[in-house]
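# An overview of the molecular structure
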Amino acid sequence: MMNLFGMTLTQVQALCDSEGWPRFTARQICDWLYAKRAATVDAMTNISLARRARLAEVAMVERMEPCNCQVSADGTKKYLFATTAGSSVEAVFIPEADRATLCVSSQAGCKMGCRFCVTGQNGFHGQLTAGEILSQLFTIPEFGQVTNIVYMGMGEPMDNLEAVLASTEVLTAPWGLGWSPKRITVSTVGLLPQMRLFLQRSQCHLAVSLHNPVAAERLSMMPMEKAWPIAATVEALKEYDWSGQRRLSFEYTMFGGLNDDICHADLLARMLRGLECRVNLIRYHASPGTPYRTSSAQAINAFRNRLQANGVNCTLRASRGEDIKAACGLLAGTSKA
Ligand code: SF4
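As a starting point, this report considers the structure included with it.

Conventions adopted
- Residues numbered from 1 in each chain as written.
- Predicted model: local features only at pLDDT ≥ 70, side-chain atom pairs only at ≥ 80, totals over all residues.
- Heavy atoms only, no water.
- Helix = DSSP H or I, 4+ residues; strand = E, 2+ residues; numbered from the N terminus.
- Expected span 1.5 Å × (residues − 1).
- Buried < 20%, exposed > 50% of the residue type's maximum accessible area, 1.4 Å probe, protein only.
- Contact = heavy atoms within 4.5 Å.
- Pairing = 2+ DSSP bridges.
- 1 Å grid on protein atoms, 1.4 Å probe; cavity = no way out; pocket = protein on both sides within 12 Å on 5 of 7 lines; lining within 4 Å.
- Points joined across faces, edges and corners; volume = space filled by probe spheres on them.
- Nonpolar A, V, L, I, M, F, W, Y, C, P; charged D, E, K, R; others polar.
- Near = heavy atom within 4 Å.
- Phe/Tyr/Trp six-rings, centres within 6.5 Å; stacked < 30°, edge-to-face > 60°.
- Lys NZ or Arg CZ within 6 Å of the ring centre and 35° of its normal.
- Axes fitted to C-alpha atoms, helices over the stretch in contact; angles between N-to-C directions.
- Parallel < 35°, antiparallel > 145°, perpendicular 65-115°, else oblique.
- Left-handed = near helix turned anticlockwise from the far one by under 90°.
- Right-handed = clockwise from strand over helix to strand, strands pointing away.
- Polar contact = N/O pair within 3.5 Å; in protein donor to acceptor, adjacent residues only side chain to side chain.

With that out of the way, let us pick up helix H2 (residues 23–35). The first and last C-alpha atoms of H2 sit 18 Å apart over 13 residues, in line with the 18 Å expected at 1.5 Å per residue. If you check which residues of H2 are buried, you get Thr25, Ala26, Gln28, Ile29, Cys30, Trp32, Leu33 and Tyr34. Elements in contact with the buried residues of H2: helix H1 (9–19), helix H3 (49–58), helix H5 (130–138) and helix H6 (161–172).

Glancing now at the pairing of strand S3 (residues 66–71). Two strands pair when backbone bridges link them, and S3 and strand S4 (residues 77–82) are joined in this way by 5 bridges, in the antiparallel orientation. Its bridge partner being in S4, proline 66 is matched across the sheet by phenylalanine 81. The turn linking S3 back onto S4 is made up of 5 residues, and glycine 75 within it adopts a positive phi angle of 95°.

The next subject is empty space enclosed by the protein. This structure, assessed with the given rule, holds 1 cavity of 30 Å³ or more. By volume, the largest cavity amounts to about 30 Å³. Lining the largest cavity are Val104, Ile133, Leu134, Leu137, Ile149, Tyr151 and Leu171. Top element by residues in the lining of the largest cavity is H5. It accounts for 3 residues. In the lining of the largest cavity, the residues fall into 7 nonpolar, no polar and no charged.

This brings us to the site of the ligand. Taken together, Cys110, Met112, Gly113, Cys114, Cys117, Gly120, Gly155 and Val189 make up the full set of residues adjacent to the ligand. Taken together, the residues that form the shell around the ligand break down as 5 nonpolar, 3 polar and no charged.

Our focus in this paragraph is the packing of aromatic side chains. Summed over the entire model, instances satisfying the criterion amount to 12 aromatic pairs. Arranged with centres 5.2 Å apart and planes meeting at 50°, the rings of phenylalanine 138 and phenylalanine 143 form a pair that is tilted. Phenylalanine 143 shares its class with phenylalanine 138; the two are buried. Within the aromatic cluster, the residues linked to one another by ring pairs are Phe5, Tyr34, Phe138, Phe143 and Trp175. The ring of tryptophan 32 has lysine 36 sitting right over it, with the charged end atom 4.5 Å from the ring centre. If you follow arginine 37 out to its NZ or CZ, it ends over the ring of phenylalanine 143, 3.8 Å from the centre.

Our focus in this paragraph is the sheet that holds S4. Sheet architecture is open: 10 strands sit in the order S3-S4-S5-S6-S9-S10-S11-S12-S13-S14, paired in mixed fashion. The open sheet has two free edges, formed respectively by S3 and strand S14 (313–317), since each of these has just one partner strand. Taking each pair of neighbouring strands and ignoring which way they run, the sheet shows an average axis angle of 20°. Pairing geometry for strand S11 (residues 205–209) and strand S12 (residues 248–254), over 4 bridges, is parallel. Residue pairing for S12: leucine 206 is matched across the bridge by leucine 248. Relative to S11, helix H9 (residues 230–237) is tilted by about 160°, and along the sheet it contacts S11 and S12.

This part is about the packing of helix H10 (residues 262–272) against helix H11 (residues 297–309). When two helices pack together, their arrangement is given by the angle between the helix axes and the distance between those axes. Running from amino to carboxyl end, H10 crosses H11 at an angle of 30°, the nearest separation of the two axes being 9 Å. By the angle between their directions, the pair H10 and H11 is classed as roughly parallel. Two packed elements cross with a definite hand, and for H10 against H11 that hand is right-handed. Contact with H10, carried on its side by Ile262, His264, Ala265, Asp266, Leu268 and Ala269, involves Ala302, Phe303, Arg306 and Leu307 of H11 and no other residues of that element. Of the residues belonging to the contact of H10 with H11, the class tally is 7 nonpolar, 1 polar and 2 charged.

Strand residues, when the strand is regular, have side chains that alternate between the two faces of the sheet. Of all 5 residues that make up S11, 5 are buried, and the element is covered over most of its length. A two-sided burial pattern is seen for S11, the buried positions comprising His205, Ala207 and Ser209 on one face and Leu206 and Val208 on the other. Summarising the sheet, strand S10 (residues 184–188) and S11 pair through 4 bridges and their orientation is parallel. Paired with serine 187 across the strands is alanine 207, a residue of S11. Of the crossover connections in this fold, the one passing from S10 over helix H7 (residues 192–201) to the parallel S11 is right-handed.

Quick look at the environment of cysteine 69 now. On the secondary structure map, cysteine 69 appears in strand S3. Since its relative accessible area comes to 31%, cysteine 69 is described here as partly exposed. Taking the C-alpha atoms as reference points, cysteine 69 and threonine 172, 103 residues apart in sequence, are found 27 Å from one another. Once you skip the residues sitting within four places of it in the chain, cysteine 69 turns out to touch Lys77, Lys78 and Tyr79.

By the secondary structure assignment, aspartate 159 is in the loop between strand S9 (148–151) and H6. In terms of polar contacts, aspartate 159 uses its side chain to reach the side chain of lysine 111, at 3.1 Å. Not counting chain neighbours up to four residues away, the residues in contact with aspartate 159 comprise Gln107, Lys111, Met112, Gln127 and Leu191.

Another aspect to go through is H5. Burial runs high along H5: 9 of the 9 residues are buried. Within H5, the full set of buried residues consists of Ala130, Gly131, Glu132, Ile133, Leu134, Ser135, Gln136, Leu137 and Phe138.

The following block contains the structure:
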């Protein structure tokens, strides 16, 4: 039996076509699934009883529900979900004064193996469907408060591109939630072919996990540097026009004594020269089992000042939810009830 939740209008139309139903029925179904958040076929009351009965024979509405929630002292909430394939994923709700961001997972685990990341060290456990990605928003109590979504939880979104694009289509399409793509940011370590496809097929913002401008050093932190060198990724990004609505940012997690030297700031500024972008500096949270250290506040400030002196827009990301392991690189899918 197929799951309607997570389907795009095109996919629902194909189902309606196969049943000989008119196109507007597909729009009605999508309206129930997304705008009205119907949890069952039966709830779709403006569809005839006969069609609802037939629809219930071939399809259902199945959403992952959170099975645990941990609340940080700063109000950040980490939700745990069990996928239909038996894995665990996490989503993090981050309320701020003027916005509320939801950080969603795109895969159960991750193949990229970044050495500083708990998710990467725990390996890959399966792809999420578009419905499983969207469930992380639709089933939390804060659904109505979320102003922004970032695909920066577990997984590499470009390694599950079709499901990620289907989910962003549901979020942005008029038959879905009708959000502006400016409210959505998708991250990548720089898988070039998929990143190019993403830029062609989506208007959402892009965040590239850069973390080190020196190839050999980046390789020691991020094995994917070998297949997709960051220098080539940045050069490819220079071919796109970033002067419009879509924003490009680079994530740069600061590790003590590894990538927080002033010369790294100079190399980073040189690498990004000519590119309309922002650098988000993130304080690393030292976690067990990794050899990395937290950068000192002094080093972070000096790094930021040097980037700004070199003309790079940059912000220092406030650290949230450290006490519940909800911060960047700490999602492990292990917060049991
Ligand atoms: Fe995967 Fe992101 Fe962790 Fe790297 S940092 S292993 S891409 S989840």
